[in-house]
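Spelled out from the first residue to the last, the chains are:
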Amino acid sequence: MENTTLYIKNMVCPRCIKMVRQVLEQQGLDVADVGLGKAMLNASPGEEQTAAIAKALEAEGFLLLDDKRHQLVEGIKNFVVETVHYGDLEELNENFSSLLAQRLQKDYHQLSKLFSEVENTTIEQYIIHQKIERVKELLMYGELTLSEISYKLGYSSVAHLSGQFKKVTGLTPSQFRQLKESVRKPLDKI
């Protein structure tokens, strides 16, 4: 039996992992592991079964990726989401570009060029947008000060975070905190 890795777009959270596992098991597949952006199977599905998997995943808002370029871009996105939303940026000893190149075992310049071609934005802009969404989330919880949020997300200062936040949202963090309704974006729409 041959192991197979499926690459899946729009997986952004632990709930997505659970849902993809459920969809694959409902398709009768022997699932070894599921992580953000990919699923490891203990056997290779046939062509018909792959089409059924793609259809079932699509019904749940996911997309099965078969193109290597898109798989790599999705790997970049998943790394950024994992790091920004579920990691500890304050403990990051290396810059994002080094970590990304190391994780995906590719030259950063090559990754950056590919990402820009496919997504029409830079990796840096994608990281900034993910960080701002995380800031919005933390502001809405109201448990941390802006200084604590700044430190948690690896910003050099509160002023740097505030400037970036205003540039992206048009609001200061204080103005955002005062809003009654949520203006957050789903992670898969960033």
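Provided above is the structure to which this section pertains.
Residues numbered from 1 in each chain as written. Predicted model: local features only at pLDDT ≥ 70, side-chain atom pairs only at ≥ 80, totals over all residues. Heavy atoms only, no water.

Re the overall build of the protein chain
- When you go through the protein chain residue by residue, the secondary structure sums to 9 helices and 4 strands.
- In the protein chain, the order of α-helices and β-strands from amino to carboxyl end is β-α-β-β-α-β-α-α-α-α-α-α-α.
- If you line up the protein chain on its principal axes, its C-alpha atoms span 55 × 40 × 30 Å.
- Contacts in the protein chain between residues far apart in sequence, at least 24 positions, make up 61% of those at least 6 positions apart.
- Of the roughly 10,900 Å² of accessible surface on the protein chain, a fraction of 47% belongs to carbon and sulfur atoms.
- In the protein chain, 23 positive and 26 negative side-chain charges are present, and the distance between their average locations comes to 7 Å. (Helix = DSSP H or I, 4+ residues; strand = E, 2+ residues; numbered from the N terminus. Contact = heavy atoms within 4.5 Å. Areas by Shrake-Rupley, 256 points an atom, 1.4 Å probe, with all protein chains shown as cover. Lys, Arg positive; Asp, Glu negative; His and termini not counted. Charge placed at Lys NZ, Arg CZ, Asp CG, Glu CD.)

Focus on the pairing of strand β1 (residues 4-9)
- Alternating positions in β1 separate cleanly, Thr4, Leu6 and Ile8 being buried on one face and Thr5, Tyr7 and Lys9 remaining unburied on the opposite face.
- For β1 and strand β3 (residues 38-41), the ladder comprises 4 bridges, and the chain directions are antiparallel. Counted as the bridge partner of Thr4 is Leu41 from β3.
- Judged from the 3 bridges that link them, β1 and strand β4 (residues 63-65) form a sheet pairing that is antiparallel. Bridged to Lys9 within β4 is Leu63. (Buried < 20%, exposed > 50% of the residue type's maximum accessible area, 1.4 Å probe, protein only. Pairing = 2+ DSSP bridges.)

Looking at helix α2 (residues 47-59)
- Here α2 is 13 residues long and its end C-alpha atoms lie 19 Å apart, about the 18 Å a rise of 1.5 Å per residue gives.
- Along α2, the residues classified as buried are Ile53, Ala56 and Leu57. For α2, the arc enclosing every buried residue in end-on projection is 100°, short of the 170-degree limit, so these residues lie on one face. For α2, the exposed residues lying more than 90 degrees away from the buried face are Glu47, Glu48, Lys55, Glu58 and Ala59.
- Contact partners of the buried residues in α2: β1, α1 (14-26) and β4.
- Count one or two residues on from α2 and you reach Gly61, which has phi positive near 95°. (Expected span 1.5 Å × (residues − 1). Arc of directions from axis to C-beta.)

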